[in-house]
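# Observations on chain architecture
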Amino acid sequence: MSVDLRSDTLTRPTEAMRVAMARAEVGDDVYAEDPTTRALEERVADLFGHQAALFTPTGSMANVLAVRTLVGAGQEVLCESSAHIARAELGAHAAYTGLTMRTWTGERGQIDLPAIGRLLAPDLGPFFVATRALSVENTHNFAGGATLPIDDLSALREYADGVGVAVHLDGARIWNAHVATGVPLRDYGRVADVMAVCLSKGLGAPIGSLLVGSGGAVEESRVWRKRMGGGMRQTGVLAAAGLHALDHHVERLAEDHEHARILAEACGVDPATVDTNIVVLERDDAEAFVRAAGAEGVLVARVGPATVRLVTHLDVDRAGIERAAVVLSRLVGGR
């Protein structure tokens, strides 16, 4: 049996989660009448100290809806150059909402206020695109699951307030950041005007993300969700999986982080540089490396011309990690 480290989106519902899904009370969510979905939305909004939340089928949709509440057509959001919203959402923000993006490059995806300041253009007159929001990602996927320090996030919030722009937080893996750093979820929530969080990565739900923000942002996004084809009916079956995950799968993320450090050491990466559940290997032979690992039953992902990514998750136990470590160590060593 293979050890699949391509992504934490590969997790399958546990038996207990399936039971919760089967027993879920449901209604029509387009009418906002699904009681289980409403319960999930209220719980997540409260966890982050915001007024409301909106269930979406995907994290990309949650991000597109969230940024759209801050940035209009012909305006811009600034983000880090390897951010998911810029690199891995297939241009959806421009395609659906007409906004533009400019980027800074931060070491390990980090916030760089001087660089942001050089890009910022909230009101330079009719010849320049107006900056309306700053977007950050925590944890940062393509920076190897790096966490953003809460002091840096708070400084960004203060800076944004000072120059009159909003903050979007892509928190697809915010649960990993919370477990790794001990920072309360509400502290992360205070940083953002609007944010997106995911249930189908480390938490192990089969589907689902949420936009989190003000009541106005959520009601506006409810309309846009339907416009984009994301209005679903008896979503309580899916929301129940999210509720179960919040009850049972958050604290266990620490196991995934430990497993990632084991893999890092096997691959010659300093484990101290691995914050959460993602390990990035820079290899000129990335494509061949992925094929070789796969041939020995270890599935990893090529996420750039010379970049390989390993992601630990709920469906890979310690034995699987140790088996993968042996294979990867041998391949890295060229033996």
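So, here is what we can say about the structure in this document. Everything numeric here is computed off the predicted structure, so don't read it as measured data.

The subject of this paragraph is the sheet that holds strand β11 (residues 301-304). Strand order in the open sheet made by the 3 strands is β9-β12-β11, with antiparallel pairing throughout. On the outer flanks of this sheet lie β9 (278-282) and β11, each paired with one strand and no other. If you compare each strand with its neighbour and ignore which way they point, the axes differ by 35° on average. Bridge count between β11 and strand β12 (residues 307-311): 3 bridges; the pairing is antiparallel. Within the sheet, the bridge partner assigned to A301 lies in β12 and is R309. Strand contacts of helix α13 (residues 286-295): β9, β11 and β12, with the helix running at about 165° to β11, the strand carrying the most contacts.

Any two aromatic rings considered together are summarised by their centre-to-centre distance and by the angle between their planes. By the definition in use, this model includes 1 aromatic pair. Cation over ring: R87 sits above F142, and NZ or CZ is 4.3 Å from the ring centre.

This next bit is on the pairing of strand β5 (residues 131-137). Burial within β5 is extensive, with 6 of its 7 residues counted as buried. When β5 meets strand β6 (residues 166-171), the two strands line up parallel, connected through 5 bridges. Bridging across to β6, V136 finds its partner in L169. Once the chain exits β5 it traverses helix α7 (residues 150-163) before rejoining the sheet at β6, and the crossover so formed is right-handed.

All right, on to the sheet that holds β5 then. Ordered in space as β2-β8-β7-β6-β5-β3-β4, the 7 strands form an open sheet in which the pairing is mixed. In this open sheet, the two edge strands, each paired with only one partner strand, are β2 (52-56) and β4 (100-104). Between one strand and the next, the sheet's axes are offset by a mean angle of 20°, whatever the strand orientation. Of the strands in this sheet, β2, β7 (194-198) and β8 (209-213) are in contact with helix α2 (residues 35-47), which crosses β2 at around 130°. In the packing of helix α10 (residues 215-227) onto the sheet, contacts are made with β2 and β8, and the angle to β2 comes to roughly 20°.

Looking now at the packing of helix α1 (residues 15-22) against helix α11 (residues 236-248). Look at α1 against α11: their axes get within 8 Å of each other, and the N-to-C directions meet at 135°. Taken together, the axis directions place α1 and α11 in an arrangement best described as oblique. The crossing of α1 and α11 is right-handed. Contacts from A16, M17, A20 and M21 of α1 reach α11 at V237, L238, A240, A241, H244 and A245.

Residues L124, F127 and F128 make up a contiguous nonpolar surface patch of about 410 Å² in total accessible area. For F127, the position within the fold is in the loop between α6 (113-119) and β5. By relative accessible area, F127 is classed as exposed at 75%.

What counts and what doesn't
- Residues numbered from 1 in each chain as written.
- Predicted model: local features only at pLDDT ≥ 70, side-chain atom pairs only at ≥ 80, totals over all residues.
- Heavy atoms only, no water.
- Pairing = 2+ DSSP bridges.
- Helix = DSSP H or I, 4+ residues; strand = E, 2+ residues; numbered from the N terminus.
- Axes fitted to C-alpha atoms, helices over the stretch in contact; angles between N-to-C directions.
- Contact = heavy atoms within 4.5 Å.
- Phe/Tyr/Trp six-rings, centres within 6.5 Å; stacked < 30°, edge-to-face > 60°.
- Lys NZ or Arg CZ within 6 Å of the ring centre and 35° of its normal.
- Buried < 20%, exposed > 50% of the residue type's maximum accessible area, 1.4 Å probe, protein only.
- Right-handed = clockwise from strand over helix to strand, strands pointing away.
- Parallel < 35°, antiparallel > 145°, perpendicular 65-115°, else oblique.
- Left-handed = near helix turned anticlockwise from the far one by under 90°.
- Patch = residues over 30% accessible without salt bridge, like charges linked within 9 Å, V, L, I, M, F, W, Y side chains within 5 Å.
- Areas by Shrake-Rupley, 256 points an atom, 1.4 Å probe, with all protein chains shown as cover.
- Salt bridge = Lys/Arg side-chain N within 4 Å of Asp/Glu carboxyl O.

Keep in mind that these numbers describe shape and distance, not what the molecule does.
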